[in-house]
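Geometric and topological summary
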Protein chains: 2
Amino acid sequence: VKKLLNDVDDLLRQSLDGFGAAHGDLVEVHHEPTFVTRKVAQRAGQVALISGGGSGHEPLHAGFVGSGMLAAACPGEVFTSPTPDQMLAAAQAVDSGAGVLFIVKNYAGDVMNFEMAAEMYTGASATVLVNDDVAVEDSSFTTGRRGVAGTVIVEKIVGAAAVRGADLAACRKLGERANGATRSMGLALTSCTVPAAGTPTFTLAENEIEMGVGIHGEPGRRRIALAPAATLAKDMMDAILNETPAAKGGPVLLLVNGFGGTPLMELYLMYAQAARLCAEHGLKVVRSHVGNVTTSLEMQGCSFTVTALDDDMIGLWDAPVHTAALRWGC
Amino acid sequence: VKKLLNDVDDLLRQSLDGFGAAHGDLVEVHHEPTFVTRKVAQRAGQVALISGGGSGHEPLHAGFVGSGMLAAACPGEVFTSPTPDQMLAAAQAVDSGAGVLFIVKNYAGDVMNFEMAAEMYTGASATVLVNDDVAVEDSSFTTGRRGVAGTVIVEKIVGAAAVRGADLAACRKLGERANGATRSMGLALTSCTVPAAGTPTFTLAENEIEMGVGIHGEPGRRRIALAPAATLAKDMMDAILNETPAAKGGPVLLLVNGFGGTPLMELYLMYAQAARLCAEHGLKVVRSHVGNVTTSLEMQGCSFTVTALDDDMIGLWDAPVHTAALRWGC
């Protein structure tokens, strides 16, 4: 397998050490168990957001640890859920008296392990489950809809509310509201290769794409022939618009997320398609983001995410954030 | 060719339109001729920085248009120099009375076309040539060393000086100093595919990499067998350290740049290697950046850049910047 690594069994640790060294002003990396915390301690009485999941989706989640977003992230091995001891240690490290909110992507392993951590944790905790992917109900790794790039939006919005002093119940409620307002769908042009497996997770013919792909390369709705960007974009956006709670004329956030191996040039071209389709549907794109925020290693492809906004959520999205992967206002 | 696009001949325009739509608060995209300017007009009497070059290296250069960095960028077709009329129109649009500084990567076509633009332009102009790539002297596209990811550092440092009121001569001199302080080298695990060509630019065996690759996929020093990240990192860093003007104990900026298709996980792992090698050589990494800043479409691989800093350059690097791809302090 052609990757930049030393020992495949030590990939996560070495990568996290690099992350910690590159962002030493911002984060602290802990080992045994593995978790990443903010360098600056959480303000007393501020709800601490903790997320986590398999690695290979960088910058998710450690790249979103910092002021205005996550207090801690718990990375598992590549495409493998973190274990409860990681979340427990993270909770103990960052809870500053107002409890911890676990933000969990809806995959069976993550859900189970975060649940166990919440049971083990003696402080106050609550959980928000993210399930924004409209591609499929039930999949290789989950029951119900999968949690994908919309997770970043939930983390950002709730993170800002925590800074403003929202308590644990309010943070949880807002997280559920942000998740409920968010719908995503993606497609893959190529597979990713899990380092420890050494071979591509799936195989596509030269002219074939996976429509509705999951962020672990798991199957989507169907395999179709490669088509012009406008056609592919319409396929994805139709699926999203079919399920979005956004009202006609209403403000939305449009996120075009790259899966890791797609050039920015193509992502911006896809953004142009997505924005046009939103406008044609009567949605008003008032905020947007283009980039790799929830990846699948080196997979080529992208996803669209649409979040129905209101003034409250717009203000929370705009609030200052300082993390390795998202930064504005400070 | 498996890419997200509509008409290959219209790829650049459609991508730029998406870029303009996604960053409408920050930039304005102009067509015929093609150039990108800041939305907010340059302050009167502030030197206007203009860069440009072939597309396919995004976010370079349009992603660095904004306050504290470039006043305008001129994108050519993929891996093709922009034409003089683009730079001329950009200069006329953004010169606010203090002249324009062209920042040009050292490729024969770019150098020639920027020179022609400078001759045609009736206002004051000066040029900084960037040639940070230590891999090879002379290459497919150039005489002398190539300009690669170090360009971003030059643009950032000089952009901050322009904000502080440095005049054209001072900006030029600083640009030459920043370039002179900067050395880079890269490697590729896979080729890129130019959309209009439709086939990979070069071919590597399954176990082979191109050491010293250029950002258009042009040849580097040699093809070698894939090796552990520590070995590859040492190869690149030795070449850089052999030519860096950084003094032992001196402060440096370390940039680990992804070529577009490499997962962030691997980039951070490579950062860990690079930072260790700098430390072993007696260099003090006081600033760092990890990410895709100068890409080669979907090429897998990365480059290291080391810039010898002084207090002045540290302050300029830290100064506020607000562009699509780099943002802090505002």
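Residues numbered from 1 in each chain as written. Chains lettered and ligands numbered in written order. Predicted model: local features only at pLDDT ≥ 70, side-chain atom pairs only at ≥ 80, totals over all residues. Heavy atoms only, no water.

Things to note about the sheet that holds strand 1 (residues 27-30) of chain A
Residues and elements named next belong to chain A. Here we have six strands laid out as an open sheet, ordered 1-2-5-3-6-7, and mixed in their pairing. Each of the sheet's edge strands pairs with one partner strand only, and the pair in question is strand 1 and strand 7 (125-130). On average, adjacent strands in this sheet sit at an angle of 20° to one another, irrespective of strand direction. Packed onto the sheet, helix 5 (residues 168-180) meets strand 6 (100-105) and strand 7 and runs at close to 5° relative to strand 7. (Pairing = 2+ DSSP bridges. Helix = DSSP H or I, 4+ residues; strand = E, 2+ residues; numbered from the N terminus. Axes fitted to C-alpha atoms, helices over the stretch in contact; angles between N-to-C directions. Contact = heavy atoms within 4.5 Å.)

So, the relation of the copies chain B and chain A
Each copy superposes on the other: chain B lies on chain A with an RMSD of 0.0 Å after a rotation of 180° and an axial shift of 0.0 Å. The superposition of one copy onto the other is thereby described by a two-fold rotation axis. Scanning chain B for the C-alpha nearest the rotation axis identifies glycine 261 of chain B, at a separation of 2.0 Å. A high fraction, 100%, of the interface residues of chain B reappear at the interface in chain A, so the copies pair face to face through one surface. (Least-squares fit on C-alpha atoms with pLDDT ≥ 70 in both.)

Focus: the environment of glycine 20 of chain A
Residue and element names in this part refer to chain A. By secondary structure assignment, the location of glycine 20 is in helix 1 (residues 11-22). We classify glycine 20 as buried; its relative accessible area is 16%. For the pair glycine 20 and alanine 62, spaced 42 residues apart in sequence, the C-alpha separation works out to 9.7 Å. Setting aside chain neighbours within four positions, we find glycine 20 in contact with Val27 and Val29. (Buried < 20%, exposed > 50% of the residue type's maximum accessible area, 1.4 Å probe, protein only.)

Looking at the state of the cysteines
As used here, a disulfide is simply a covalent bond connecting the sulfur atoms of two cysteines. According to the stated counting rule, one finds zero disulfides over all chains in the structure shown. The thiol sulfur of cysteine 278 of chain A is not disulfide-bonded, and the nearest other cysteine sulfur, from cysteine 302 of chain A, lies at 13 Å. On the accessibility criterion, cysteine 278 of chain A (0% relative accessible area) is buried. Cysteine cysteine 171 of chain B remains unbridged, with the sulfur of cysteine 74 of chain B as its closest cysteine sulfur at 18 Å. Judged by its relative accessible area of 0%, cysteine 171 of chain B falls in the buried class. (Disulfide = S-S within 2.5 Å.)

Notes on the packing of helix 4 (residues 150-163) of chain A against helix 5 of chain A
Each pair of packed helices can be described by the angle between their axes along with the distance between the axes. Residues and elements named next belong to chain A. At their nearest, the axes of helix 4 and helix 5 sit 9 Å apart, and the two run at 150° to each other. It follows from the interaxial angle that helix 4 and helix 5 lie roughly antiparallel. By crossing handedness, the relation of helix 4 to helix 5 is classed as right-handed. Each of Val154, Ile157, Val158, Ala161 and Ala162 in helix 4 lies in contact with helix 5, whose residues at this interface are Cys171, Leu174, Gly175, Ala178 and Asn179. Tallied by class, the residues present in the contact of helix 4 with helix 5 amount to eight nonpolar, two polar and no charged. (Parallel < 35°, antiparallel > 145°, perpendicular 65-115°, else oblique. Left-handed = near helix turned anticlockwise from the far one by under 90°. Nonpolar A, V, L, I, M, F, W, Y, C, P; charged D, E, K, R; others polar.)

A closer look at the packing of helix 6 (residues 229-241) of chain A against helix 7 (residues 264-280) of chain A
All names here are of chain A. Relative orientation of the contacting elements helix 6 and helix 7 amounts to 50°, with a least axis distance of 9 Å. One way to sum up the angle between helix 6 and helix 7 is to call them oblique. Relative to helix 7, the crossing made by helix 6 is right-handed. For the pair formed by helix 6 and helix 7, the contact residues are Ala229, Ala230, Ala233, Lys234, Met236, Met237 and Leu241 on the first element and Leu269, Met270, Gln273, Ala274, Arg276, Leu277 and Cys278 on the second.

Regarding the packing of aromatic side chains
Per the counting criterion, the structure on display carries six aromatic pairs over all chains. Taking the centre distance of 5.0 Å and the plane angle of 85° together, the rings of phenylalanine 19 of chain A and tyrosine 268 of chain B count as edge-to-face. You can see phenylalanine 19 of chain A sitting in helix 1 and its partner tyrosine 268 of chain B sitting in helix 7 (residues 264-280), one on each of two chains. Each member of the pair, phenylalanine 19 of chain A as well as tyrosine 268 of chain B, carries the same accessibility label: buried. (Phe/Tyr/Trp six-rings, centres within 6.5 Å; stacked < 30°, edge-to-face > 60°.)

Thoughts on the environment of threonine 143 of chain B
With respect to the helices, strands and loops of the structure, threonine 143 of chain B is situated in the loop between strand 7 (125-130) and helix 4 (150-163). Setting aside anything within four residues of it in sequence, one finds threonine 143 of chain B in contact with Asn106 and Asp138 of chain B.

A word on the interface of chain B and chain A
Every contact between the two is made by 57 residues of chain B and, on the other side, 57 residues of chain A. In total, about 4500 Å² of surface goes out of reach between chain B and chain A, with carbon and sulfur atoms giving 64% of it. Contact with chain A buries area across many residues of chain B, yet Lys2, Leu4 and Met265 of chain B alone supply 23% of it, more than any other trio. Across the contact surface, chain B and chain A share two salt bridges. Here glutamate 266 of chain A and lysine 3 of chain B are joined by a salt bridge, their closest N and O atoms 3.9 Å apart. Between the two partners, chain B and chain A, sit 21 residue pairs in polar contact (both at pLDDT 80 or more). Residue assignment for the side of chain B that touches chain A shows that the elements contributing at least two residues are helix 1 (11-22), strand 9 (208-211), helix 6 (229-241), helix 7, strand 12 (284-291) and strand 15 (327-328) of chain B. Per-element tally for the side of chain B that touches chain A: the top contributor is helix 7 of chain B, with nine residues. Here the side of chain B that touches chain A is built from residues that sort into 34 nonpolar, 15 polar and eight charged. (Buried area = accessible area lost by both parts, 1.4 Å probe. Salt bridge = Lys/Arg side-chain N within 4 Å of Asp/Glu carboxyl O. Polar contact = N/O pair within 3.5 Å; in protein donor to acceptor, adjacent residues only side chain to side chain.)

With respect to a nonpolar patch on the surface
Where nonpolar side chains cluster on the molecular surface, the patch consists of Met112, Met116 and Met120 of chain A and spans about 280 Å² of accessible area. Considering the arrangement of structural elements, one finds methionine 112 of chain A in helix 3 (residues 108-120). (Patch = residues over 30% accessible without salt bridge, like charges linked within 9 Å, V, L, I, M, F, W, Y side chains within 5 Å. Areas by Shrake-Rupley, 256 points an atom, 1.4 Å probe, with all protein chains shown as cover.)

As for the pairing of strand 11 (residues 251-258) of chain A
Residues and elements named next belong to chain A. Of all eight residues in strand 11, seven are buried, a share of seventy percent or more. By the bridge criterion, seven bridges tie strand 11 to strand 12 (residues 284-291) in an arrangement that is parallel. Its bridge partner lying in strand 12, asparagine 257 is registered against glycine 291. Where strand 11 meets strand 13 (residues 301-308), seven bridges bridge the pair, whose relative direction is antiparallel. Across the sheet, the residue bridging to asparagine 257 is serine 303, located in strand 13.

As for unusual backbone geometry
All names here are of chain A. Omega for the bond connecting leucine 60 with histidine 61 falls within 30 degrees of zero, at -10°, which places this linkage in the cis form. Position of histidine 61 among the secondary structure elements: in the loop between strand 3 (48-55) and strand 4 (66-67). Positive phi outside glycine occurs at glutamate 32, with the angle close to 50°. Take glutamate 32: it is sitting in the loop between strand 1 and strand 2 (35-38).

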